[in-house]
Amino acid sequence: MSTTSVLAATSATVTVGGARVHYESAGSGPALVLVHGTGSGGAAVNWGRTAPRFTADHTVITPDLSGTEATTDDGAPLTVDGLAAQVIAVIEDAADGPVDLLGFSMGAPVSAAVAALRPDLVRRLILVAGWAHTEGDEYLRNLFTLWGQLGASDPAAFGRAVAMTGFSRGFLNAIGREQVELLIPNMPPTPGTLRHVDLDTRIDIRHHLPRIQARTLVVGCVQDITIPVENSRALHTAIADSTYAEIDAGHVAFFEKEDEFVELVHEFTLAP
């Protein structure tokens, strides 16, 4: 492992099955691990704005999974359990004892797998805008297939499609055309992003869900066009003794309703 300090954050790498997995940590207090969703920008794109909201009360750990620009590996097709092994290695390397684990979008099934495979490492689990399986859900299967095809043939259209499904209509109209156009390049269809999209087409964690022991909060996004809110409701039903909350926002709820998102996470992680 090698570490360097960048401002208040510590950057590190840990080797997992041939991958050199990058992560950063900042803050103080009980560990909160934030697992990003689809996109080679990884943690910086997902959590760059929101993570500092938690560092007064938590040591915030943000891994970059295979497929991101910050982590190197052999380029092979990704699996949920393979990415879960990376999160597990980061937790073991960076944290002293069980952590609070939050996964967003693709990071939600990965985090659920971590909690199922290593219940000793997860104190509380938060799944935001997640889903249990793609096969059998024709909407999800077609959406991710479309992303893959656009990513290969029309990068600009890929970025526009991701922005349109990532945010609610009201949010896009509120920020206006200039800001919407700035969103388009945020998730370019790099080879790493397309590896994530390929995994999205193959997600199936139904066998893991009955094994989750951690106290769990499932968060659905009411206006989510990427992962419709019914998928979060189904996750809640499948995870015994989980609690459920909804945010009236699109898929990237922590951008649209940042204060509400932060308050929800704080209430759950800081409660006795």
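Presented here is a report on the structure given in the accompanying data block. None of the values given here were measured: they were computed from a predicted structure. (Residues numbered from 1 in each chain as written. Predicted model: local features only at pLDDT ≥ 70, side-chain atom pairs only at ≥ 80, totals over all residues. Heavy atoms only, no water.)

Glancing now at the packing of aromatic side chains. Taken as a whole and judged by the stated rule, the model has eleven aromatic pairs. Ring centres of tryptophan 47 and phenylalanine 104 lie 6.3 Å apart, and the angle between their planes is 75°; this geometry places the pair in the edge-to-face category. Taken together, the residues tryptophan 47 in helix H1 (residues 42-47) and phenylalanine 104 in strand E6 (residues 99-104) connect sequence positions 57 residues apart. Judged by its relative accessible area of 4%, phenylalanine 104 falls in the buried class. Within the aromatic cluster, the residues linked to one another by ring pairs are Trp47, Phe54, Phe104, Phe167, Phe171, Phe254, Phe255 and Phe261. The lysine or arginine in question, arginine 49, covers the ring of phenylalanine 255, its NZ or CZ lying 4.5 Å from the ring centre. Geometry around phenylalanine 268 places arginine 124 over its ring, the cationic atom sitting 5.8 Å from the centre. (Phe/Tyr/Trp six-rings, centres within 6.5 Å; stacked < 30°, edge-to-face > 60°. Helix = DSSP H or I, 4+ residues; strand = E, 2+ residues; numbered from the N terminus. Buried < 20%, exposed > 50% of the residue type's maximum accessible area, 1.4 Å probe, protein only. Lys NZ or Arg CZ within 6 Å of the ring centre and 35° of its normal.)

Let's shift gears to the side chain of arginine 124. Turning to its location among the elements, arginine 124 is positioned in strand E7 (residues 122-128). Only 2.5 Å separates the side chain of arginine 124 from the backbone oxygen of phenylalanine 268, close enough to count as a polar contact. Apart from residues lying up to four places away in sequence, arginine 124 is in contact with Val99, Asp100, Leu101, Ala214, Arg215, Phe268, Thr269, Leu270, Ala271 and Pro272. (Polar contact = N/O pair within 3.5 Å; in protein donor to acceptor, adjacent residues only side chain to side chain. Contact = heavy atoms within 4.5 Å.)

As a further point, take the pattern of salt bridges. In total, this model carries twelve salt bridges according to the counting rule given. Here arginine 53 makes a salt bridge to aspartate 259, at a shortest N to O gap of 3.1 Å. Of this pair, arginine 53 sits in the loop between H1 and strand E5 (59-64) while aspartate 259 sits in helix H10 (residues 258-270), and the two are 206 residues apart along the sequence. On the basis of relative accessible area, arginine 53 is assigned to the partly exposed category, the value being 34%. Arginine 123 serves as the salt-bridge partner of aspartate 100, at 2.9 Å between the closest nitrogen and oxygen. Of this pair, aspartate 100 sits in strand E6 while arginine 123 sits in strand E7, placing them 23 residues apart in sequence. What makes aspartate 100 buried here is its relative accessible area of 2%. (Salt bridge = Lys/Arg side-chain N within 4 Å of Asp/Glu carboxyl O.)

Along the chain, aspartate 224 turns up in the loop between strand E8 (215-221) and helix H8 (229-238). Here the alpha-carbon distance between aspartate 224 and isoleucine 247, two residues 23 residues apart in the chain, equals 9.7 Å. Beyond its immediate chain neighbours, meaning those up to four positions away, aspartate 224 contacts Ala129, Thr165, Ala249, Gly250 and His251. In this structure the side chain of aspartate 224 is engaged in a polar contact, spanning 2.9 Å, whose partner is the backbone nitrogen of threonine 226. At 2.8 Å, the side chain of aspartate 224 and the side chain of histidine 251 are in polar contact.

Here we come to helix H3 (residues 107-117). For H3, the buried fraction is high: ten of the eleven residues fall into the buried class. Within H3, the full set of buried residues consists of Gly107, Ala108, Pro109, Val110, Ser111, Ala112, Ala113, Val114, Ala115 and Ala116. Buried residues along H3 sit against strand E4 (31-35), helix H2 (80-94), E6 and E7.

Next up on the list: the pairing of E4. Here E4 lies mainly inside the structure; five of its five residues are buried. On E4, burial covers both faces: Ala31, Val33 and Val35 on one face and Leu32 and Leu34 on the other are all buried. Relative to E5, E4 is paired through three bridges, and the arrangement is parallel. Bridging from a neighbouring strand, leucine 32 pairs with valine 60 of E5. (Pairing = 2+ DSSP bridges.)

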